[in-house]
Each structure stands twice: as structure tokens, then as C-alpha cells.
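# Close look at the chain arrangement
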Amino acid sequence: MAYRLFDIHCHLTDARYASDQEAVIARAREAGVGMITVGTDVASSEAAVALADRYDGVWACIGIHPDEAGKGEKVEALAQLASRPKVVAIGECGLDYARLPREEALRAQL
């Protein structure tokens, strides 16, 4: 299917979509909208990849958000996820100048 538009930053694995996730994806597909669902830590990145694997028109962005970087997240876990075919980006890992000690997590993901 050719997609006319892309939502390049959505959080389809968020609990807010638990009851209608499939319907949201179906409506987007019917409207010709592809989606990149974003992970903000290892668990949500894994969930994003699993969702992308399940649905046409959904791809995944994986990463560790600066808010999560100091909480024991293992950047190494992203390396295996990054090789998956429907992972199209590493994101949510920008340098947050309010939290400079977390620069190490950004460097590791780069």
C-alpha cells in the first residue's frame, strides 16, 4: 500500500490506546496514513517493535528518553532491536540540557 501521509511520532503502545489500538491503526491505514510508533525505554521500544511486526503501515522508533536514562535502562538491549526490519529510527534520546549527566546515555545510543 502507498501511504500519502506519515505520523512520524506516535505512541501507539501507550495505555491510552489499550482499548482501541487496533481501531486506531485500522483508521489510519484506511486513510492512507503510515505510522512510526516510538519507544521511550527498553520495554516500550520492545513493545513498539512487536506492534510494528504485527501491522502493515506501522514502523518502530526505539530509544531511551533522557528521563529514563538514569533508571538502569540498558542501551545494549537496543542493539538487537535496531537490527529488526521494521525499526526505522533511533529516537527519544536527544541531549536534554536540563539533565546533562545523562549525556552518557545519548552517546551510547549514538
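Up top is the structure these notes are about.
Let me begin by describing the structure that accompanies this report.

Conventions adopted
Residues numbered from 1 in each chain as written. Predicted model: local features only at pLDDT ≥ 70, side-chain atom pairs only at ≥ 80, totals over all residues. Heavy atoms only, no water. Helix = DSSP H or I, 4+ residues; strand = E, 2+ residues; numbered from the N terminus. Buried < 20%, exposed > 50% of the residue type's maximum accessible area, 1.4 Å probe, protein only. Polar contact = N/O pair within 3.5 Å; in protein donor to acceptor, adjacent residues only side chain to side chain. Pairing = 2+ DSSP bridges. Arc of directions from axis to C-beta. Contact = heavy atoms within 4.5 Å. Core = buried A, V, L, I, M, F, W, Y, C linked by side-chain atoms within 4.5 Å. Salt bridge = Lys/Arg side-chain N within 4 Å of Asp/Glu carboxyl O.

### Some thoughts on the side chain of Thr 37
Following the sequence through the fold, Thr 37 ends up in strand β2 (residues 33-38). We classify Thr 37 as buried; its relative accessible area is 0%. Of the polar contacts made by the side chain of Thr 37, one reaches the backbone nitrogen of Leu 12; its length is 3.0 Å.

### Regarding the pairing of strand β1 (residues 5-10)
Looking at chain direction, β1 and β2 are connected through 4 bridges and run parallel. For Phe 6, the partnering residue across the bridge sits in β2 and is Gly 34.

### Some words on helix α1 (residues 21-30)
Along α1, the positions that sit buried rather than exposed are Gln 21, Val 24, Ile 25 and Ala 28. All buried residues of α1 project into a common sector of 95° when viewed along the axis, lining one side. Across from the buried face of α1, at angles greater than 90 degrees, the exposed residues are Glu 22 and Glu 30. Where α1 is buried, its residues contact β2, α2 (42-54) and β3 (58-62). Once α1 ends, the next one or two residues include Gly 32, with phi positive near 75°.

### As for the nonpolar core
Core analysis: the biggest nonpolar cluster contains 21 residues, and Leu 12, Ile 25, Met 35, Val 49, Val 58, Ala 60 and Ile 62 have the highest contact counts within it. Among the secondary structure elements, those contributing two or more residues to this core are α1, β2, α2, β3 and α3 (76-82). The leading source of residues in this core is α2, at 5 residues. Leaving out residues up to four positions away in the same chain, Val 49 has contacts with Ala 60, Ile 62, Leu 81, Arg 84 and Val 87.

### Side note on the environment of His 65
Secondary-structure assignment places His 65 in the loop between β3 and α3. When the C-alpha atoms of His 65 and Tyr 55 are compared, they prove to be 24 Å apart, with 10 residues separating the residues in sequence. Apart from residues no more than four positions distant in its own chain, His 65 is found in contact with Thr 40 and Glu 92.

### Here we look at the side chain of Ser 45
Along the chain, Ser 45 turns up in helix α2. With relative accessibility at 0%, the residue Ser 45 sits in the buried group. Among the polar contacts listed, one links the side chain of Ser 45 to the backbone oxygen of Asp 41, at a separation of 2.8 Å.

### Focus: the pattern of salt bridges
If charged atoms from side chains of opposite charge come close, those side chains can pair. Using the criterion set out here, one finds 2 salt bridges in the structure. Here Arg 16 ties to Asp 14 by a salt bridge, and the two come within 3.0 Å at their closest N and O atoms. The salt bridge involving Asp 53 is made with Arg 84; its shortest N-O contact spans 2.3 Å. One end of the pair, Asp 53, is in helix α2; the other, Arg 84, is in the loop between α3 and β4 (87-90), with 31 residues separating them in the sequence. Its relative accessible area of 35% is what places Arg 84 among the partly exposed residues.

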